[in-house]
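What the coordinates show
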Amino acid sequence: MTTLTLSRALNEGLRKALENDPKVLIMGEDVGKLGGVFRVTDGLMKDFGENRVIDTPLAESGIVGTAIGLALRGYRPVCEIQFDGFVYPAVDQIVSQLAKMRYRSLGNVALPVVIRIPCGGGIGAVEHHSESPEVLFTHTAGLRVVACADAADAFTMIQQSVSCDDPVIFFEPKRRYWDKGEVDTAAGVADALPLDRARVALEGADVTLLCYGPLVRTCLESAIAAREDGRSVEVVDLRSLSPLDTEVITASVRKTGRCVVAHEAPVYAGLGAEIAARVTEQCFYCLEAPVLRVGGFHTPYPPSRLEEHYLPDLDRILDAVDRTFGY
Amino acid sequence: MTVREEENAGTAPAIGRDELLTLYEQMEVIRRTEKAAHDLFLSGLVKGTTHLAAGHEAVAVGASAALQPGDYVFATYRGHHHAIARGAAPAECLAELMSKGTGLCKAKGGSMHLTKASAGMLGSYAIVGAHLPMAVGAAWSAKLRDSGEVAVAFFGDGATNIGAFHEALNLAAIWSLPVLFVCENNLYMEYTPIGAVTPVGRPAADRAPAYGLPAEVVDGNDVVLVAEAVARAAARARAGAGPTVLETLTYRHFGHSRTDPAKYRPAEELQQWLQRDPLNLARQRLTSAGVPEAALTAAADRAAAVVAAAVEEAKAAPPPDPEDAFTDMWADGGSAWRT
């Protein structure tokens, strides 16, 4: 086991992917010589050469379009989108082409492209640099959408995403890049939890807290704080946002009878709405309370001095947990 | 930085009489397929829309004649001619238009997305300009593998005003990739004259110098001139000299789409272009080369027979299986487990 930051764990995972398959390429703005603005690709150009780690022009639509062309011819490009809000110019390529080519070509065309997106707020970086656009992609059939929450998952999930034959939108929790965790860099991914499975991050008995990405840590801290009130909170890290692992979700809710979903994205029409509907449909007779949601407001991402009010924190999450006991 | 013809003299193989007759027959097949698509639409047998390429035949057939089987072609929603020129059968194209289970994509693509990856036809794209960066990526793969293949992106004049065109030219130029950007300038961006929305006279060729790329304006209705220009550009690309922009001048015989009678086009303009029908030009070349009229008639008759049989085959084909709507979403072949 090695102690790595989440950012470094991604770097090590990408390094493994480059080593294991000569068809893997990394491309994006400043990913080469600089190593990415968050240094996720630090040193990879030096070690793997300029033909495999490519500094592209600032042109997200062109980057993703080019990656699709490379994938059409058997490559496995990993595109870095520098900040979440910068993915919008590439959404057309992702939604109209990347997600649909396999279907349209009767399975004759595979597009194993990974789009890495640092997401969410918490670093004082204002709008365009702090957004949570995951539902744009979960709503689009044909894309896998995943979010890692800690260093160990970052290391394995990025490798699983690169070797996956479906296109993967890979969300990285920007404000957790510097969080450290234990990673077994010698372990292969064959025995790891599959990419499309959720994980019980903390077992509990009274209420299920569903979360992903940057809020997993917040929810774990909330669960520990809730013990002071005598409440046993189970935290489930969804990991895969599309497809959803409803098996793990419903098993947890059937056990606890209560459910809160938390994400940074706006509550309105967010992933929590879909989860709440599914949990209600599938666990109706087990529920002691309605499924509650905690998330961002339906506003643009606020200026940096206001973001602490926008982002779900312990108080808001624990308040929702409390409310599930009021029915 | 326009390539002058004399600079490239000798790089293009001459098209012989027999080959030209074959190209003429292919153009007849495409023309008749498009006419059949139009008639099927008017009979209510095409559900959806069509963007017919009648008038553009020489661009597709000329380009295909100059390409290798391993090269990659990316076309637009007006792409029936490219699919057929690359080897798709008229029957599977018409079946796709008619939403039949035997269609090229089992009706999942429709008129706008004809794709035959096995023939190097890497798709038709209905989002204008979207496929230009993809062609760049395919060309990049050829360069990485040193395969000698080239990628060709066909696009309309309207695509030259969208960002993806400019991003793609820039990307291809900086990496000196083996890609041909072939504009089919038919004077109209859907319903609007391209000149009314573009500040330069040659929407593709005039932009190329901004990216340091060579460009050539070509008579897109003359299959021989198209083949020669594409052969020159492909030779440059294969030699590692990078991308070329070709602007072929051509004209739609039908409107933009099925609902467009194209009344906005001046009658004189239409008349002039119909006189320069690519099939007529090919016939004139063949006649000048001494090919007897009977051989031309025989070629046209063979094309007519192929298309007539294709129409009957497509009409008789079964509809797609509704279950197919749930296949090939994912690498595991299915989709249902992710509902």
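Residues numbered from 1 in each chain as written. Chains lettered and ligands numbered in written order. Predicted model: local features only at pLDDT ≥ 70, side-chain atom pairs only at ≥ 80, totals over all residues. Heavy atoms only, no water.

1. A word on the overall build of chain B
Across its full length, chain B holds 10 helices and eight strands. Buried positions account for 57% of the 339 residues belonging to chain B. Put simply, of all contacts in chain B between residues at least 6 apart along the chain, 75% involve residues at least 24 apart. Element-wise, carbon and sulfur atoms account for 55% of the exposed surface of chain B, whose accessible area totals about 12,800 Å². Here chain B contributes 29 positive and 38 negative side-chain charges, whose respective centroids are spaced 2 Å apart. (Helix = DSSP H or I, 4+ residues; strand = E, 2+ residues; numbered from the N terminus. Buried < 20%, exposed > 50% of the residue type's maximum accessible area, 1.4 Å probe, protein only. Contact = heavy atoms within 4.5 Å. Areas by Shrake-Rupley, 256 points an atom, 1.4 Å probe, with all protein chains shown as cover. Lys, Arg positive; Asp, Glu negative; His and termini not counted. Charge placed at Lys NZ, Arg CZ, Asp CG, Glu CD.)

2. As for the sheet that holds strand 14 (residues 292-296) of chain A
All names here are of chain A. In space, the five strands of this open sheet follow the order 9-11-10-13-14, with mixed pairing throughout. Both edges of this open sheet fall to strand 9 (199-202) and strand 14, since each of them pairs with a single strand only. Direction aside, neighbouring strands of the sheet carry axes that sit 25° apart on average. With three bridges connecting them, strand 9 and strand 11 (residues 233-237) associate as antiparallel partners. Across the sheet, the residue bridging to L202 is V235, located in strand 11. The strands touched by helix 12 (residues 314-323) within the sheet are strand 10 (207-211), strand 11, strand 13 (259-266) and strand 14, with strand 14 carrying the most contacts at an inclination of about 165°. (Pairing = 2+ DSSP bridges. Axes fitted to C-alpha atoms, helices over the stretch in contact; angles between N-to-C directions.)

3. Quick notes on the interface of chain A and chain B
Contact residues are listed per partner, giving 40 residues for chain A and 38 residues for chain B. When residues of chain A are sorted by the area they lose upon contact with chain B, R73, Y103 and R104 of chain A head the list and together hold 22% of the total. At the surface where chain A touches chain B, the tally comes to zero salt bridges. Seen at the junction of chain A and chain B, the total is eight residue pairs in polar contact (both at pLDDT 80 or more). Those elements that provide at least two residues to the side of chain A that touches chain B are strand 2 (24-28), strand 3 (53-55), helix 3 (60-72), helix 4 (91-98) and helix 5 (101-104) of chain A. Here the residues of the side of chain A that touches chain B sort into 16 nonpolar, 12 polar and 12 charged. (Buried area = accessible area lost by both parts, 1.4 Å probe. Salt bridge = Lys/Arg side-chain N within 4 Å of Asp/Glu carboxyl O. Polar contact = N/O pair within 3.5 Å; in protein donor to acceptor, adjacent residues only side chain to side chain. Nonpolar A, V, L, I, M, F, W, Y, C, P; charged D, E, K, R; others polar.)

4. Quick look at unusual backbone geometry
Residue and element names in this part refer to chain A. Here S242 and P243 are connected by a cis peptide whose omega angle stands at 0°. The phi angle at V126 is positive, at roughly 55°, despite the residue not being glycine. As for its placement among the helices and strands, V126 is situated in the loop between strand 5 (114-119) and helix 6 (134-138). The class for V126 is partly exposed, based on a relative accessible area of 35%.

5. A short note on the pattern of salt bridges
Per the stated rule, a full pass over the model turns up 39 salt bridges over all chains. Close ionic contact of K46 of chain A with D47 of chain A constitutes a salt bridge, the shortest N to O distance being 3.7 Å. The class for K46 of chain A is exposed, based on a relative accessible area of 74%. Residue E216 of chain B is joined to R232 of chain B by a salt bridge in which the shortest nitrogen-to-oxygen separation is 2.4 Å. Placement of the pair is E216 of chain B in strand 7 (residues 215-219) and R232 of chain B in helix 7 (residues 223-238), with a sequence separation of 16 residues. Judged by relative accessible area, E216 of chain B falls into the buried class, the value being 8%. R232 of chain B sits in the buried class, given a relative accessible area of 7%. Linked by salt bridges that have partners in common, D150, D153, R199, D237 and R239 of chain A make up one network.

6. Comments concerning the domain arrangement of chain A
All names here are of chain A. Considered domain by domain, chain A is made up of domain 1 (2-183) and domain 2 (199-324). Summarising the inter-unit geometry, the C-alpha centres of domain 1 and domain 2 are found 26 Å apart. If you look at the interface, domain 1 gives 27 residues, while domain 2 gives 26 residues. Across the contact surface, domain 1 and domain 2 share five salt bridges. With a shortest N-O distance of 2.9 Å, D153 and R239 are connected by a salt bridge. Taken together, the links from domain 1 to domain 2 amount to 14 residue pairs in polar contact (both at pLDDT 80 or more). Contributing elements (two or more residues each) for the side of domain 1 that touches domain 2: helix 6, strand 6 (144-147) and helix 7 (151-163). Counting residues per element, the side of domain 1 that touches domain 2 draws most heavily on strand 6, which supplies four residues. Taken together, the residues of the side of domain 1 that touches domain 2 break down into 11 nonpolar, eight polar and eight charged. (Domains from an automatic or database assignment.)

7. Remarks on the packing of helix 2 (residues 57-66) of chain B against helix 7 of chain B
Residue and element names in this part refer to chain B. As a packed pair, helix 2 and helix 7 sit with axes 7 Å apart at the nearest point and diverge in direction by 45°. The angle between helix 2 and helix 7 places the two elements in the oblique class. Here the hand of the crossing between helix 2 and helix 7 comes out right-handed. Where helix 2 abuts helix 7, its residues A58, V59, V61, G62, A63 and A66 lie against V223, V226, A227, V230, A231 and R238. (Parallel < 35°, antiparallel > 145°, perpendicular 65-115°, else oblique. Left-handed = near helix turned anticlockwise from the far one by under 90°.)

8. Looking at the packing of aromatic side chains
All names here are of chain A. Throughout the structure, instances matching the rule amount to 15 aromatic pairs over all chains. Taken together, a centroid distance of 6.2 Å and an interplanar angle of 70° make the contact between F38 and W178 edge-to-face. In this pair, F38 sits in the loop between strand 2 and helix 2 (44-48) while W178 sits in the loop between strand 7 (168-173) and strand 8 (180-183), placing the two residues 140 residues apart along the sequence. Its relative accessible area of 12% is what places F38 among the buried residues. A relative accessible area of 54% means that W178 is categorised as exposed. Taking 4.9 Å as the distance between ring centres and 65° as the angle between the ring planes, the aromatic pair formed by Y301 and Y310 counts as edge-to-face. For the pair Y301 and Y310, a shared accessibility class is recorded, and that class is buried. These aromatic residues form a ring-pair network of at least three members: F38, F83, F86, Y177 and W178. (Phe/Tyr/Trp six-rings, centres within 6.5 Å; stacked < 30°, edge-to-face > 60°.)

9. Concerning helix 2 of chain B
Helical periodicity: at 3.6 residues per turn, an α-helix aligns residues three or four positions apart in one direction. Burial within helix 2 of chain B is extensive, with nine of its 10 residues counted as buried. Restricting attention to buried positions, one finds in helix 2 of chain B the residues E57, A58, V59, A60, V61, G62, A63, S64 and A66 of chain B.

10. Re the nonpolar core
If you look at the biggest cluster of nonpolar residues, it comprises 82 residues, and the most contacted ones within it are I94, I115 and F137 of chain A together with F181 of chain B. A domain split of this core shows at least three residues from each of domain 1 (2-183) and domain 2 (199-324) of chain A. The residues touching F137 of chain A, leaving out its near neighbours within four places in the chain, are V87, V91, I94, I117, L143, V145, I169 and F171 of chain A. Judged by nonpolar contacts, the second largest core, of 66 residues, contains A75, L246, L296 and A300 of chain B. (Core = buried A, V, L, I, M, F, W, Y, C linked by side-chain atoms within 4.5 Å.)

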